[in-house]
Amino acid sequence: MVAPTVFTRTTTTYLELSQDGGGAHKFYEVTVEDLTVSVRYGRIGADGQTQRSTFPTAAKAQAAAAKKIGEKVRKGYAPAVPGQRAARPVTRREVTSAPSTARAVAPVLWRFRTGSAAFGIHVDEERCWVGNQAGDVFTLDRAGEVQARFSLPDGVKCLVADDFWIYAGCDDGKVYDLSSKLPFAAYDIATDVDIFWLDIHEGVLHVADRSGRLTVIDHEDEHQWARAGAGEHAWMIRADGDAVYYGDTRGVAAHAPDGGGELWHTATEGGVLFGWQEDTAVYAGTSRKKVQRLAKKDGRVEAVYACDSPVYSCATSPGGRFVFAADSASSVYCFAEDGTRLWKLGTGGGSALSMQYRDERLYLVTTDGSLVCVDASEAAIEAAQQGTVPVARDIKLAAALPVYEPATTVTAVTAVSDAPAGSVVVECVTESGRTRVRVVSQGYDSAWNVQFPRAIREPGARYVVDALHPAAGGFYRVRGDIRRLL
């Protein structure tokens with residue numbers, strides 16, 4: 001007996017929302033195939049992310065699809081043809097780098113070459129993170145051995161940390177959480193905010209951009225407040241519990257954390273190209289070959305550290321005992337706290353676009369894509385003054401290195417028991433027209449929201465996450481994988 005032929009009907013609806021003036025520029029596509037509804041969405045010109053849901057009957061699948069399409073049309077989406085509207089261009093930070101004129105190379109312990117110019121760096125107690133313009137983020141242990149690689153959709157502009165959560169700000173306008181095995185977009189910055197630098201404090205993200213604005217976004221990925229700076233090209237943003245410290249082509253300003261107003265503004269000697277903070281001071285590296293130390297309390301210039309070329313990055317040892325700077329001519333400097341130059345040496349590669357000091361080590365990321373570990377102990381600083389430096393070790397990339405990419409679909413499970421032991425159930429709820437995520441499992445504060453990828457939120461849907469951790473701002477952060485609960 002010949003089995004009857006089964007015909008599967010597939011329908012696809014493609015919508016776009018593109019606003020003038022740099023507003024929304026995104027698509028939403030719904031495909032119905034028999035009992036399955038697939039939703040693909042994201043920024044125009046990108047592949048986007050995909051969700052799939054299965055329904056008991058074709059009629060229910062069609063009804064669910066029609067509901068989703070209707071919701072988007074009411075928000076301003078309109079039918080369009082894929083590929084006719086181009087993706088908006090992304091501004092990349094343009095830098096130049098000249099060879100160093102220093103007599104010798106800094107006391108470099110080891111060097112790892114990522115293959116593309118690197119801006120992003122973060123060093124914690126156990127690992128070093130480096131992110132480059134190819135979208136690669138590598139993790140290494142503190143001895144320099146490569147452990148893993150994340151592959152993100154676009155170039156990494158900076159890496160920031162909040163407790164043990166690590167975030168990468170990318171050229172696609174998204175900020176990815178790298179704390180779990182698979183990265184996900186935790187913040188989606190508006191398309192008119194062209195990220196230059198980021199900082200994060202207790203779940204609140206601070207964004208400095210090309211046009212000279214400061215934008216503040218909370219853990220729910222919702223805009224809190226914004227301020228226009230006196231200049232443009234804002235490459236400095238640092239935050240603590242007292243203020244947000246912002247630097248652009250006209251100087252450094254401190255703003256109240258709640259957006260209540262500017263606390264002070266100090267004109268700098270040249271545009272600000274980088275910022276660093278200690279407990280009582282911020283340090284601004286400038287285009288006129290200076291690092292300036294400003295008092296957090298009132299913006300008063302407390303000290304100046306003179307370099308020979310524009311300063312691309314700076315950092316200090318605790319309390320500012322030693323001050324380090326890197327310039328556009330591939331040199332790195334070490335100063336005493338009072339501004340006395342102790343030495344100027346070459347990086348051994350390109351110019352350092354960012355740096356971080358941690359536990360007597362200075363970590364640099366450079367225009368030639370290197371992550372460089374410099375011995376910044378007092379003994380090494382003194383030895384470098386006398387011309388004695390170690391032989392640098394080149395770190396090789398392991399052939400079998402695991403690579404983690406952002407998930408474009410959400411894995412589904414039919415029961416909580418299918419997920420790892422101890423998993424937590426969360427639910428998407430709608431409040432005053434906004435979708436929130438709350439904890440369903442016992443033992444958590446039901447009033448707290450969960451920081452959750454906006455791209456996969458669906459009202460009424462439940463998800464299983466590996467673990468939740470409370471954050472200082474009064475919300476929960478996800479640790480581990482996310483699965484859709486059917």
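Report follows, based on the coordinates. In this text, all values refer to a predicted model and were calculated from it rather than measured experimentally. (Residues numbered from 1 in each chain as written. Predicted model: local features only at pLDDT ≥ 70, side-chain atom pairs only at ≥ 80, totals over all residues. Heavy atoms only, no water.)

Strand order in this open sheet of four strands is E11-E12-E13-E14, and the pairing throughout is antiparallel. Sheet topology places strand E11 (156-162) and strand E14 (184-188) at the edges, where each strand pairs with a single neighbour. Between one strand axis and the next, the sheet turns through 30 degrees on average, direction left out of account. Summarising the sheet, E11 and strand E12 (residues 165-170) pair through six bridges and their orientation is antiparallel. For Leu159, the partnering residue across the bridge sits in E12 and is Ala168. (Pairing = 2+ DSSP bridges. Helix = DSSP H or I, 4+ residues; strand = E, 2+ residues; numbered from the N terminus. Axes fitted to C-alpha atoms, helices over the stretch in contact; angles between N-to-C directions.)

So, about the layout of surface pockets. In this structure, the second largest pocket encloses a volume near 1000 Å³. Lining the second largest pocket we find 40 residues, and of these His122, Ala161, Arg238, Gln356 and Arg358 sit closest to its centre. For the lining of the second largest pocket, the elements supplying multiple residues, two or more each, are strand E7 (118-123), E11, strand E15 (195-201), strand E19 (236-239), strand E23 (272-277) and strand E31 (352-358). Across the lining of the second largest pocket, the residue classes tally to 18 nonpolar, seven polar and 15 charged. (1 Å grid on protein atoms, 1.4 Å probe; cavity = no way out; pocket = protein on both sides within 12 Å on 5 of 7 lines; lining within 4 Å. Points joined across faces, edges and corners; volume = space filled by probe spheres on them. Nonpolar A, V, L, I, M, F, W, Y, C, P; charged D, E, K, R; others polar.)

Our focus in this paragraph is helix H1 (residues 58-74). Look at H1: 24 Å from first C-alpha to last across 17 residues, which is about the 24 Å you get at 1.5 Å a residue. Tucked inside the fold, the buried residues of H1 contact strand E1 (10-18), strand E2 (25-33) and strand E3 (36-43). Looking at the residues trailing H1, positive phi occurs at Gly76, about 110 degrees. (Expected span 1.5 Å × (residues − 1). Contact = heavy atoms within 4.5 Å.)

In this section: the packing of aromatic side chains. One pass over the full model with this rule turns up 16 aromatic pairs. With a centroid separation of 5.2 Å and 75 degrees between ring planes, the pair formed by Phe112 and Phe138 is classed as edge-to-face. Residue Phe112 is located in strand E6 (residues 108-113), and its partner Phe138 is located in strand E9 (residues 136-141); the two are separated by 26 residues in the primary sequence. Like Phe112, the residue Phe138 is buried in the burial classification. A ring pair is formed by Phe196 and Trp235, whose centres lie 5.3 Å apart and whose planes are at 25 degrees; its orientation type is stacked. Here the residue Phe196 occupies a position in strand E15, and Trp235 occupies one in the loop between strand E18 (223-228) and E19, the gap between them amounting to 39 residues. Both residues of the pair, Phe196 and Trp235, count as buried. (Phe/Tyr/Trp six-rings, centres within 6.5 Å; stacked < 30°, edge-to-face > 60°. Buried < 20%, exposed > 50% of the residue type's maximum accessible area, 1.4 Å probe, protein only.)

Let us look at the side chain of Arg436. In this fold, Arg436 is placed in strand E38 (residues 434-439). In this structure, Arg436 is in contact with Glu220, Glu222, Glu427, Cys428, Val429, Glu431 and Asn449, ignoring residues within four places of it in sequence.

Our focus in this paragraph is the side chain of Ser317. Structurally, the position occupied by Ser317 is in the loop between strand E27 (311-316) and strand E28 (322-327). One polar contact links the side chain of Ser317 to the main-chain amide nitrogen of Phe322, over a distance of 2.9 Å. Aside from chain neighbours lying at most four places away, what touches Ser317 is Glu278, Phe322, Phe324 and Tyr357. (Polar contact = N/O pair within 3.5 Å; in protein donor to acceptor, adjacent residues only side chain to side chain.)

On to the pairing of E11. Summarising burial for E11: six of the seven residues are buried, a large majority. Counting the residues between successive antiparallel strands, the hairpin from E11 to E12 contains two residues, one of them, Asp163, with a positive phi of roughly 60 degrees.

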